[in-house]
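One-letter residues, chain by chain:
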Amino acid sequence: VSTQSTGDGVPVEVGVGGPSKTTIVPNGVGQPAPSWVAFDRQVLRFSAYFQEAVHEKREETYRIRRCTILYYLEDDSIQVNEARQENSGIPQGTLIRRHRIPKPAPHDDKFYEVDSFNVGNNVTLYSRSFTITDCDAFTRNYLTKTGAKVPEPASGEPADPYFEHRKKQAEAMQPHRPYEKCDTLKQFLENDRKVLRFYCVWDHSREMFGDVRELILHYFLADDTMEIREVIKANSGRDAAPKFLHRSKVPKEVGALHKPGEITERTVLNVFGPMGHGGRYILDSLKTGAVAKQFYTDADLTIGAKVNVWGREVTICDMDEFTAHHFKCKFNVDVPAPIVYKMSEEMKQEREIPPYNGWGSEEDSKANCLKLIAQAPKRDFIKFMKKDRQGLESHVLRYLARMDTNRPIDIDRTFIISFFLSDGTISVFEPEKRNSGIVHGKFIERSRLNKKDGGYYEAEDLFVGAVVNFRSHQFIITDADEYAKTYAENHKFPEADFERIMEVVASTVSDEKMSEEFTDLTEVGIEPFMEFLEMTCQEKLSQHAIMVIARVYGVPLHPKITYDLVLRLSKEQLSKVDFDRYDELLLALTQALEDVDNGLLEPSEVYRVCIATKLPLKTDLLTSLIQQCPKTEGRVDCQKLVASLKSKEGTEENVDFIPTSKFAKPDKTASGWFGVTEGAHKGPVHAIRINEFKEDLVKIRHEISLRKP
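Enquirer: Teacher, can you tell me more about the overall build of the protein here?
Expert: Within the protein, the regular secondary structure consists of 19 helices and 28 strands. Total accessible area on the protein is roughly 45800 Å²; 51% of this is exposed by carbon and sulfur atoms.

Enquirer: Would you mind showing me how to read a nonpolar patch on the surface here?
Expert: On the surface, a cluster of nonpolar side chains totalling about 310 Å² of accessible area is made up of Leu 185, Phe 188 and Leu 189. Structurally, the position occupied by Leu 185 is in helix α4 (residues 185-191).

Enquirer: Please explain helix α19 (residues 690-707) as it appears in this structure.
Expert: With 18 residues, α19 extends 26 Å from end C-alpha to end C-alpha; this agrees with the ideal 26 Å at 1.5 Å per step. When α19 is considered as a whole, its buried residues turn out to be Ile 690, Phe 693, Leu 697 and Ile 700. Looking straight down α19, one finds its buried side chains confined to an arc of 80°; they lie on one side. Turned more than 90 degrees off the buried face of α19, the exposed positions are Lys 699 and Leu 706. In this structure, the buried residues of α19 make contact with α10 (498-508), α11 (511-517), β23 (523-525), α12 (526-537), α13 (543-553) and β28 (685-689).

Enquirer: Could you clarify how one ought to interpret the packing of aromatic side chains in this entry?
Expert: The description of two aromatic rings rests on the distance between their centres and on the angle between their planes. A full pass over the atoms with the stated rule returns 20 aromatic pairs. Between Phe 381 and Phe 384, the ring centres sit 6.4 Å apart and the planes meet at 35°, which makes this aromatic pair tilted. With Phe 381 and Phe 384 both in helix α7 (residues 381-387) and three residues apart, the pair spans about one turn of that helix. Note on Phe 381: relative accessible area 56%, which makes it exposed. Ring geometry for Tyr 553 and Phe 693: centres 5.4 Å apart, planes at 80°, overall edge-to-face. Pair noted here: Tyr 553 is in helix α13 and Phe 693 is in helix α19, with a separation of 140 residues, a long-range link. Exposure remark for Tyr 553: the relative accessible area of 2% places this residue in the buried category. Feature note: the residues Phe 415, Phe 443, Tyr 457, Phe 470 and Phe 475 constitute an aromatic cluster, connected by ring pairs.

Enquirer: Please explain the nonpolar core as it appears in this structure.
Expert: In summary, soluble globular proteins display a tendency toward joint burial of nonpolar side chains. Counting 56 residues, the largest nonpolar core has Leu 397, Phe 470, Val 505, Phe 529, Ile 549 and Phe 693 as the members making the most contacts within it. In terms of residue count, the dominant contributor to this core is α13 (seven residues). Each residue touching Phe 529, except ones within four places of it in the same chain, is listed here: Phe 518, Val 524, Ile 549, Ile 688, Ile 690 and Phe 693.

Enquirer: When you look at the packing of helix α14 (residues 563-576) against helix α18 (residues 638-646) in this model, what are you seeing that I'm missing?
Expert: How two helices sit against one another is set out by the angle between their axes and by the gap between those axes. Where α14 contacts α18, the two axes come as close as 9 Å, and the packing angle between them is 60°. It follows from the interaxial angle that α14 and α18 lie oblique. In this structure, α14 uses Tyr 563, Leu 567, Ser 570, Lys 571 and Leu 574 to contact α18, whose residues at the interface are Leu 641, Ser 644 and Leu 645. Each residue belonging to the contact of α14 with α18 can be placed in one class, and the counts come to five nonpolar, two polar and one charged.

Enquirer: Can you help me understand the sheet that holds strand β24 (residues 554-556) in this one?
Expert: Backbone-to-backbone hydrogen bonds join strands into a sheet, with any given pair of strands oriented parallel or antiparallel. One open sheet accounts for three strands, arranged β23-β28-β24; its pairing is antiparallel. The sheet is open, and its two edges are formed by β23 and β24, each paired on a single side. Taken over all neighbouring pairs, the strand axes of this sheet differ in orientation by 40° on average, direction set aside. By the bridge criterion, three bridges tie β23 to β28 in an arrangement that is antiparallel. By the bridge assignment for β28, Glu 523 is matched with Arg 689.

Enquirer: Help me understand the packing of helix α16 (residues 603-612) against helix α17 (residues 619-628) in this model?
Expert: At a closest axis distance of 10 Å, the pairing of α16 and α17 adopts a crossing angle of 145°. Relative to α17, the crossing made by α16 is right-handed. Facing Pro 603, Val 606, Tyr 607, Cys 610 and Ile 611 of α16, the residues of α17 in contact are Thr 619, Leu 622, Thr 623 and Ile 626. Of the residues in the contact of α16 with α17, the class split is seven nonpolar, two polar and no charged.

Enquirer: I would appreciate a short explanation of the sheet that holds strand β18 (residues 414-420) in the present structure.
Expert: Strand order in this open sheet of six strands is β20-β19-β18-β17-β22-β21, and the pairing throughout is antiparallel. Edge strands, defined here as strands with exactly one partner in the open sheet, are β20 (441-447) and β21 (467-470). The average undirected angle you get between the axes of adjacent strands in this sheet is 30°. In terms of strand pairing, strand β17 (residues 396-403) meets β18 through seven bridges, oriented antiparallel. Residue Arg 402 lies in a different strand from β18, and its bridge partner there is Thr 414.

Definitions and cut-offs
Residues numbered from 1 in each chain as written. Predicted model: local features only at pLDDT ≥ 70, side-chain atom pairs only at ≥ 80, totals over all residues. Heavy atoms only, no water. Helix = DSSP H or I, 4+ residues; strand = E, 2+ residues; numbered from the N terminus. Areas by Shrake-Rupley, 256 points an atom, 1.4 Å probe, with all protein chains shown as cover. Patch = residues over 30% accessible without salt bridge, like charges linked within 9 Å, V, L, I, M, F, W, Y side chains within 5 Å. Salt bridge = Lys/Arg side-chain N within 4 Å of Asp/Glu carboxyl O. Expected span 1.5 Å × (residues − 1). Buried < 20%, exposed > 50% of the residue type's maximum accessible area, 1.4 Å probe, protein only. Arc of directions from axis to C-beta. Contact = heavy atoms within 4.5 Å. Phe/Tyr/Trp six-rings, centres within 6.5 Å; stacked < 30°, edge-to-face > 60°. Core = buried A, V, L, I, M, F, W, Y, C linked by side-chain atoms within 4.5 Å. Axes fitted to C-alpha atoms, helices over the stretch in contact; angles between N-to-C directions. Parallel < 35°, antiparallel > 145°, perpendicular 65-115°, else oblique. Nonpolar A, V, L, I, M, F, W, Y, C, P; charged D, E, K, R; others polar. Pairing = 2+ DSSP bridges. Left-handed = near helix turned anticlockwise from the far one by under 90°.

Function cannot be read off these values alone, since they describe shape.
In structure tokens:
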């Protein structure tokens with residue numbers, strides 16, 4: 001019965017299906033593993049040769065071809081490789097690809113195993129007889145462990161006569177044009193990627209249209225070449241050329257151009273015969289006709305040195321740290337102090353921007369002077385997102401103003417100044433006034449406005465009593481809407497900072513003056529109180545600052561606005577127009593809910609849904625209703641709000657609506673005056689609580705005295 005191998009040298013009987021009990025492979029220690037695991041990446045390497053006959057050739061009758069036999073232990077596969085020879089004329093490389101090779105007949109039903117390979121053995125692979133002459137250390141060690149005796153390498157390996165003949169011819173052959181070899185490999189390997197950097201200046205300002213140009217010189221130590229790049233500044237008017245000088249060797253002396261063929265590495269000496277075919281010549285080994293050229297090296301480059309770059313005198317002014325370290329280590333010299341070549345800030349001329357001519361916006365006109373190709377001015381996008389309109393927060397401050405003039409036709413004109421916090425722009429609108437003979441509408445388009453002393457108007461510059469100049473038109477601000485007053489107080493504008501104002505009053509007004517002016521009174525009229533502060537503080541307090549005091553200590557002229565009052569007014573307004581689409585309103589509010597279970601919605605979303613469903617309520621009334629309604633965690637209960645509006649209770653009484661501000665009527669050209677924050681319904685006052693005012697002044701004076709050292 002024939003046998004075959006399992007891949008680890010163990011013979012298997014064909015038809016039986018199990019391995020033999022005997023094996024020449026030594027048993028390992030531990031649990032047995034498959035051959036493809038135990039012998040993974042383990043290869044036996046043998047050096048061999050075979051003799052091949054050469055027919056019909058006089059120079060050789062046979063040829064010795066040297067090969068390498070690779071035996072893979074994991075699957076008993078064999079591969080034969082032949083080393084390539086120069087100009088052999090025969091296909092070499094992989095002679096036999098890796099696979100299991102059967103033995104020659106009559107044992108062709110078996111495959112070669114590891115015991116067939118040893119030094120000195122002859123192995124026939126596909127009718128070629130390979131003689132094994134040597135093996136590597138790993139193979140010798142492995143065969144010794146298997147119990148095989150490995151002989152020493154064969155010393156009498158036959159030589160290939162034709163190969164020896166060709167070798168002698170190659171050694172005796174001399175080149176006809178023996179050029180000298182210039183070995184620069186060592187210099188390249190030692191100095192590769194090492195570059196010296198110098199900061200240079202090329203001054204040709206004496207020439208017409210010349211100027212001082214900054215350059216950067218790179219010297220490559222690997223091949224003694226240099227390149228120069230120009231430092232091109234922004235808006236210099238020069239083309240951004242990639243290089244001022246291409247990487248090459250730079251000669252020290254630049255003379256006239258030589259004729260073609262005049263400068264060569266070697267000189268050809270004609271001996272006899274014609275030129276071309278049939279002539280005889282030799283090369284001049286003495287180099288009698290050579291032209292010596294000197295090139296710049298790293299020894300010639302230092303701070304203050306003049307480099308002649310093809311007729312352009314370049315001065316080296318400075319170098320980097322690596323270059324200084326290179327000179328210190330190689331030449332053992334100290335680097336000189338750098339030369340100042342850059343223009344100082346004092347010598348630079350500031351760019352003069354022409355004055356604004358009134359066409360377009362000033363930022364847009366200024367962009368035409370900064371760049372050749374004009375670009376739109378960039379906006380502060382973060383500020384725009386924070387201060388843009390968000391629900392009930394309009395982020396627009398509105399003021400009432402009049403013209404500061406003595407002309408009778410302009411004295412009675414009123415204007416609405418709107419300051420937009422999102423981008424700092426200002427617009428001026430003139431309301432309609434019947435039979436005035438003046439066209440109403442937009443007076444100054446929305447834009448940023450300049451002050452006389454420079455800069456733009458900001459929100460802190462607008463307050464009641466301020467005199468502003470908008471494009472040669474002078475205005476006096478007489479009043480502000482409730483949102484502007486509250487915003488200025490919350491953000492502590494200079495003229496609306498309550499603590500600062502009270503400190504000014506406490507340091508200016510004494511208790512004696514207060515007692516003489518207001519004796520045994522709990523409330524004082526608003527007009528006498530304001531006249532007293534204006535006379536006492538004079539220019540230290542503005543009208544806006546006095547108004548802030550009146551808003552804190554004032555007695556409201558109208559009763560406080562409550563939720564019941566606003567709800568009754570809303571029901572009355574809805575009943576007048578026969579509004580009955582409460583189910584549609586509740587459905588729209590429910591669809592806007594994020595959490596349907598609790599039924600709570602943000603006030604801004606409630607306002608948006610009411611506007612979208614066209615709820616027939618005025619803007620100020622709807623705003624007051626949403627702000628005054630009961631809230632849970634700052635959000636509105638939609639079902640309770642709709643149920644309250646739908647209920648008929650409390651609609652019998654007619655109540656006149658009290659506006660939150662005397663500017664409650666919306667402006668048709670803008671977003672309206674609504675946007676008052678919750679709890680800011682202060683409204684006009686008719687009296688001042690003078691006792692509370694006096695007590696607070698005493699406390700503030702005491703705090704000021706404690707601060708003094």
